[in-house]
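Summary of the model geometry
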Amino acid sequence: MVMISGARSPLYAKRRRRNVAMMGFSFGATAFGLSWLVLILGVLLWKGFSGLSVAVFTEMTPPPGSAGGLLNPIMGSLIMTAIAVAIGTPLGMLAGTYMAEYGRYDKLSSVVRFINDILLSAPSIVVGLFIYEIMVAQMGHFSGWAGAVALAVIVVPVVVRTTEDMLTLVPDTLREAAASIGLPRSLMIRRVAYRAARAGMITGVLLAIARISGETAPLLFTALNNQFWSLNLNAPVSSLPVVIFQFALSPYKDWQNLAWTGALIITLAVLTLSIVARFLGSQSKSS
Amino acid sequence: MQSTRRSPVVDVALQAGAMQTAQEQVDRSKILQRLRLGDIGFRWLTRCAAITVLIILSGIIISLVHGSWPALRAFGPSFLIDETWNPVTEKFGAIAPIYGTLVTSIIAMLIAVPVGLFIAMFLTELCPMWLRRPIGVAIELLAGIPSIIYGIWGLFVFAPFLQQHVQPSLISAFGHIPLLSTLFAGPPYGIGILTAGLILAIMVLPFITSISRDVFEAVPPVLKEAAYGLGCTTWEVARYVVLPFTRVGVIGGVMLGLGRALGETMAVTFVIGNAQRISGSILAPGTTISATIANEFTEAVGDLYTSSLIALGLILFVITFIVLAFARLLLMRLNARLGS
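Procedures and definitions
Residues numbered from 1 in each chain as written. Chains lettered and ligands numbered in written order. Predicted model: local features only at pLDDT ≥ 70, side-chain atom pairs only at ≥ 80, totals over all residues. Heavy atoms only, no water. Helix = DSSP H or I, 4+ residues; strand = E, 2+ residues; numbered from the N terminus. Rg over C-alpha atoms; globule rule 2.2 N^0.38 Å. Buried < 20%, exposed > 50% of the residue type's maximum accessible area, 1.4 Å probe, protein only. Contact = heavy atoms within 4.5 Å. Salt bridge = Lys/Arg side-chain N within 4 Å of Asp/Glu carboxyl O. Polar contact = N/O pair within 3.5 Å; in protein donor to acceptor, adjacent residues only side chain to side chain. Nonpolar A, V, L, I, M, F, W, Y, C, P; charged D, E, K, R; others polar. Phe/Tyr/Trp six-rings, centres within 6.5 Å; stacked < 30°, edge-to-face > 60°. Lys NZ or Arg CZ within 6 Å of the ring centre and 35° of its normal. pLDDT = per-residue confidence, 0-100. Patch = residues over 30% accessible without salt bridge, like charges linked within 9 Å, V, L, I, M, F, W, Y side chains within 5 Å. Areas by Shrake-Rupley, 256 points an atom, 1.4 Å probe, with all protein chains shown as cover. Axes fitted to C-alpha atoms, helices over the stretch in contact; angles between N-to-C directions. Parallel < 35°, antiparallel > 145°, perpendicular 65-115°, else oblique. Left-handed = near helix turned anticlockwise from the far one by under 90°. Arc of directions from axis to C-beta.

**A few points about the overall build of chain A**
Along the backbone of chain A there are 12 helices and 0 strands. Counted from the first residue to the last, chain A has its helices and strands arranged as α-α-α-α-α-α-α-α-α-α-α-α. Since a compact globule built from 287 residues should have a radius of gyration of about 19 Å, the 25 Å found for chain A marks it as more spread out than a globular shape. Burial statistics for chain A: of 287 residues in total, 55% are counted as buried.

**Re the interface of chain B and chain A**
Across the contact, 90 residues belong to chain B and 93 residues belong to chain A. Viewed at the interface, chain A and chain B are joined by 3 salt bridges. We note a salt bridge from A:Arg278 to B:Glu140, for which the minimum N-O separation is 2.9 Å. Our count for the chain B to chain A interface comes out at 9 residue pairs in polar contact (both at pLDDT 80 or more). The biggest single contributor to the side of chain B that touches chain A is helix H1 (residues 22–75) of chain B, with 22 residues. For the side of chain B that touches chain A, the residue count by class is 59 nonpolar, 22 polar and 9 charged.

**Points about the pattern of salt bridges**
Enumeration over the complete set of coordinates arrives at 13 salt bridges over all chains. With a closest N to O distance of 3.9 Å, B:Lys91 and B:Asp82 form a salt bridge. Given the relative accessible area of 39%, B:Lys91 is considered partly exposed. One network of salt bridges, in which partners are shared, links A:Asp117, A:Arg161, A:Asp165 and B:Arg328.

**Concerning the environment of B:Ala261**
Residue and element names in this part refer to chain B. Structurally, the position occupied by Ala261 is in helix H9 (residues 247–263). Residue classification places Ala261 among the buried positions, given a relative accessible area of 3%. C-alpha of Ala261 to C-alpha of Thr320: the two residues are 59 residues apart in sequence and 9.3 Å apart in space. Not counting residues within four places of it along the chain, the set of residues in contact with Ala261 comprises Ser105, Leu200 and Val204.

**Topic: the packing of aromatic side chains**
Applying the stated criterion across every chain yields a total of 22 aromatic pairs over all chains. Judged by centre distance (6.2 Å) and plane angle (80°), the ring pair of B:Phe75 and B:Phe92 falls under edge-to-face. In this pair, B:Phe75 is assigned in helix H1 and B:Phe92 in strand E2 (residues 91–92), connecting sequence segments 17 residues apart. Seen in terms of ring centroids, B:Phe92 and B:Tyr305 are 5.0 Å apart; in terms of plane orientation they differ by 15°. Their pairing is stacked. One end of the pair, B:Phe92, is in strand E2; the other, B:Tyr305, is in helix H12 (residues 303–339), with 213 residues separating them in the sequence. Taken as a pair, B:Phe92 and B:Tyr305 share a single burial class, namely buried. Three or more aromatic residues joined by ring pairs form one cluster here, namely B:Phe75, B:Phe79, B:Trp85, B:Phe92 and B:Tyr305. One cation-aromatic arrangement involves A:Arg190 over B:Phe42; the distance from NZ or CZ to the ring centre is 4.8 Å. A cation over an aromatic ring shows up here: B:Arg47 above the ring of B:Trp44, its NZ or CZ 5.8 Å from the ring centre.

**Things to note about unusual backbone geometry**
For A:Leu224, which is not glycine, the phi dihedral falls at a positive 55°. Exposure remark for A:Leu224: the relative accessible area of 23% places this residue in the partly exposed category.

**Side note on the confidence of the model for chain B**
All names here are of chain B. Per-residue confidence for chain B averages 87 on the pLDDT scale, and 93% of its residues sit at or above 70. Per-element confidence in chain B ranges from a low mean pLDDT of 80 for helix H5 (residues 178–183) to a high of 94 for helix H2 (residues 95–126). Scored below 50 in pLDDT, residues 1–14 makes 31 contacts in the model with residues more than four places away or belonging to other chains. Scored by ipTM, the complex comes to 0.90, with pTM at 0.89.

**A short note on a nonpolar patch on the surface**
A grouping of A:Leu45, A:Phe49 and A:Leu268 is seen on the molecular surface, where their side chains present a nonpolar patch of about 260 Å² in accessible area. Mapped onto the secondary structure, A:Leu45 falls in helix H1 (residues 10–50).

**Regarding the packing of helix H3 (residues 71–102) of chain A against helix H9 (residues 198–213) of chain A**
Residue and element names in this part refer to chain A. Between H3 and H9, whose axes approach to 11 Å, the crossing angle comes to 140°. The angle between H3 and H9 places the two elements in the oblique class. The handedness of the crossing between H3 and H9 comes out as right-handed. Taken together, the residues of H9 that come into contact with H3 (itself represented by Thr81, Ala84, Val85, Thr89 and Met93) are Met201, Val205, Ile209 and Ile212. Classifying every residue of the contact of H3 with H9 gives 7 nonpolar, 2 polar and no charged.

**Let's talk about the packing of H2(B) against helix H6 (residues 193–217) of chain B**
Packing of H2(B) against H6(B) brings their axes to within 6 Å, and their N-to-C directions diverge by 35°. The hand of the H2(B)/H6(B) crossing is right-handed.

**Section: helix H7 (residues 172–180) of chain A**
Residue and element names in this part refer to chain A. For H7, every residue scored as buried is listed here: Arg175, Ala178 and Ala179. Each buried residue of H7 sits inside an arc of 100° when the element is viewed along its axis, so together they form one side. Residues of H7 that are exposed and angled more than 90 degrees away from the buried face: Thr173 and Ser180. Where H7 is buried, its residues meet H3, helix H6 (144–169) and helix H8 (185–196). In the segment just after H7, Gly182 is the residue with positive phi, at about 90°.

**Points about the side chain of B:Thr320**
Note on placement: B:Thr320 falls in helix H12. Polar side-chain contacts of B:Thr320 include one of 2.9 Å to the backbone oxygen of B:Leu316. When near neighbours in sequence (up to four residues on either side) are disregarded, B:Thr320 contacts A:Pro123, B:Gly259, B:Leu262 and B:Gly263.

What follows is the structure, encoded as structure tokens:
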């Protein structure tokens, strides 16, 4: 920063004062922003760890007033997340492949890119309503399948975006080299481009999992909730976020404590996933 | 891009000039045929997947319109301006949730935009290099925390804190000033419009910060160096060089954050109080579109009730679609300018 020494005029003094004040603001704003992270994580760790025990992972959700665990919502969340990823990932990767490899500059791609970006930040509760309309209302009952499909709808835009971005980063010389030894285009994409972009594409999937593992709104009226052990995906299935929602808003102390523990489990899972994703992402960019 | 116009079928497997029997030639043409089919098939598969994204969006719109049709037909345009929300008499109007959605989002943006811009300025202009990455990552971790965590934290920690320490002093401080006294009237509930707005501010802060930081970083150094060379202070460079240059991108980032705030469900549902009325005071409980749907949808009996809730969802989707589309158009324009 340039300091003009000897400048004593009121204008300089005013400018310097203003500069110091604004820099103070920006320093304060950063401390303010970071303090929320500390506050939220601090409370979460404190409240969550005090309720963490083996029983949380081995017992069912209890009726009010008795002890229990979170086994059925954890299983439900894992199963629905797995199905959502199994549906959403291939769809998203293929769509991203089209946009990066076949129609990088054509009209369809730019429209899809625009719509996909909107879906990426569209309110997730609207996705819940959509799946309610097309699955729950048609089948006549809430189901784990509906929950999984709702989550898949959220997975797709995340995977489309990262797949396209990562494939665009693959140097064209690799594609040209593959073509010059006579590889057809589809094989070139699968054997060369995918391999070069693999770390980035896995990052996208991890980010998508992180995104849906905390999603509550789309599950509220698709998978609903289930107090009992149930792996039947044609029936309502319990999930961690929905149980947290229900238990936190209940008047029972036991339930509220379980909600905190569940919140801790979700947050740790999400943060671990996003840190791993970031690590992979930075590797794929530097290599 | 020459590579995109490459012919899809390229000769493989056998080298020209090799001895070929009739059998080998048949094999070769079979293999080529298979590869050609595979190529066309894969291309179509990816194309269909891309079109599926469009189908999802149109499916959302069609299903919401279809689901909300009974309510829209029963109440007409007055659905948008009616304040009644009475499941017993089956009379529904959307203005209270719309009002709550807009007011909480405005409160959130009033706080998050300046703070986010200041953090972005800190990260690009002031922060020592070795600290930039850790702080950037920390802010992005804040973005990764699921919204239900903000909700439960807001309900059990933040709302009681506001109720005991902040809201009483707000009420006594502004109680005698004419206009502000209505804005901060009423008993300190803890939960309410203001609390929801503050939680939303914390939630959208990382989005605004990370986009602003990215666009601030895209300012050509030579512009900043020229300004510093003229003797500008850091603030003057940020205010008169960086901000005008990145205006479009910043507005895009702000709109993106606004889109998030408007549609956010779980963080708000916990702390809004879910009261179907419009109150002049921002300390009073209220509701938002998403909170109403989340709270009442599974309990809704009767087609008109369900349909009214879906109509609320349609309104929310239309509002966020416009905001997000505007944001994306601005950011796309910026990228085109930077790319050229």
